[in-house]
Amino acid sequence: EVQLQQSGPEVGRPGSSVKISCKASGYTFTDYVMNWVKQSPGQGLEWIGWIDPEYGSTDYAEKFKKKATLTADTSSNTAYIQLSSLTSEDTATYFCAWGSPFAYWGQGTLVTVSS
Amino acid sequence: DIQMTQSPASLSASLEEIVTITCKASQGIDDYLSWYQQKPGKSPQLLIYDATSLADGVPSRFSGSRSGTQYSLKISRPQVDDSGIYYCLQSYSTPYTFGAGTKLELK
């Protein structure tokens, strides 16, 4: 059974960075890319980008190119997203999603930006 | 970027109706279109992929279709548990784009 287990809620100060993890199990981690999706409070879904865990290659939506950094650790089957220079606009729930299309989703990680 | 125009934004339907939600793509997406249901506080759940294929475990009252660049999700005789927000997603080319969502209330 495919499972994506995300790390717990984060609180970050404005200007700081946070890093969220997504640990995969139940499939071969390098079989397909891992996507990340943002959902601001009360809003819809936004695709952030994907990472190919096998090669480390990435693709980002333009608006997230300077905001998000996607990495993956094949030794622990874990994907990460780091969000930098946090502002209130980054307060949101972040999901990892795997499969073609997004057949499996993590439970989401709430990031709150607050001083 | 490919724009996905989803409608309606919200609807209220009875359990005897056929519910239809549409997404119009701004260009051809070769049926790389999927539908998701999201309930409050939960992750989205895949319903339909490749425009018309039913995801594993999804009830057969859900179906997908296409006419030109307009894609539709149909729910036949919806159940109360089908309440939630529905999104379409195009995964034809990056940046992948979601529709704005349709909030479905069953009465």
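Just so we're clear, the structure is a prediction, and the values are computed from it rather than from any experiment.

Colleague: Looking at this structure, how should I read the overall build of chain A?
Modeller: Counting its secondary structure elements, chain A contains 0 helices and 11 strands. Start at the N end of chain A and walk to the C end: the helices and strands fall as β-β-β-β-β-β-β-β-β-β-β. Taking 13 Å as the expected radius of gyration for a compact globule of 115 residues, we find that chain A reaches 13 Å, a close match to that expectation. In terms of overall dimensions, chain A has a C-alpha envelope of 40 × 25 × 25 Å along the principal axes. Evaluated residue by residue, chain A yields a buried proportion of 48% over its 115 residues. For chain A, long-range pairs separated by at least 24 residues make up 52% of all intrachain contacts whose partners lie at least 6 apart in sequence. By element, 46% of the accessible surface of chain A is carried by carbon and sulfur atoms, the whole surface being about 5,400 Å².

Colleague: What am I meant to see in the pairing of strand 11 (residues 102-106) of chain B here?
Modeller: Look at any regular strand and the pattern is simple: side chains alternate between the two faces of the sheet. Residue and element names in this part refer to chain B. The alternating pattern of strand 11 places Thr-102, Leu-104 and Leu-106 on a buried face and Lys-103 and Glu-105 on a face that is not buried. Here strand 2 (residues 10-13) runs beside strand 11; their pairing, made up of 4 bridges, is parallel. In the strand pairing of strand 11, Ala-13 is matched with Leu-106. Of the pairings in the sheet, the one linking strand 9 (residues 84-90) to strand 11 comprises 3 bridges and is antiparallel in character. Bridge pairing in strand 11 places Ile-85 opposite Lys-103.

Colleague: Got a minute to help me understand the state of the cysteines in this structure?
Modeller: Linking two cysteines covalently via their sulfur atoms produces the bond known as a disulfide. Per the counting criterion, the structure on display carries 2 disulfides over all chains. A sulfur-sulfur distance of 2.1 Å marks the disulfide that ties Cys-22 of chain A to Cys-96 of chain A. Since a negative S-S torsion denotes a left-handed disulfide, the Cys-22 of chain A-Cys-96 of chain A link at about 80 degrees is right-handed. Of the two residues, Cys-22 of chain A is situated in strand 3 (residues 18-25) and Cys-96 of chain A in strand 9 (residues 92-98); the sequence distance between them amounts to 74 residues. Both residues of the pair, Cys-22 of chain A and Cys-96 of chain A, belong to the buried class. Covalent S-S linkage joins Cys-23 of chain B and Cys-88 of chain B, the inter-sulfur distance amounting to 1.9 Å. Disulfide Cys-23 of chain B-Cys-88 of chain B: the torsion about the S-S bond is -85 degrees, which places it as left-handed. One end of the pair, Cys-23 of chain B, is in strand 3 (residues 18-25); the other, Cys-88 of chain B, is in strand 9, and 65 residues separate them in sequence. Comparing Cys-23 of chain B with Cys-88 of chain B, the two get one shared label, buried.

Conventions adopted
Residues numbered from 1 in each chain as written. Chains lettered and ligands numbered in written order. Predicted model: local features only at pLDDT ≥ 70, side-chain atom pairs only at ≥ 80, totals over all residues. Heavy atoms only, no water. Helix = DSSP H or I, 4+ residues; strand = E, 2+ residues; numbered from the N terminus. Rg over C-alpha atoms; globule rule 2.2 N^0.38 Å. Buried < 20%, exposed > 50% of the residue type's maximum accessible area, 1.4 Å probe, protein only. Contact = heavy atoms within 4.5 Å. Areas by Shrake-Rupley, 256 points an atom, 1.4 Å probe, with all protein chains shown as cover. Pairing = 2+ DSSP bridges. Disulfide = S-S within 2.5 Å.

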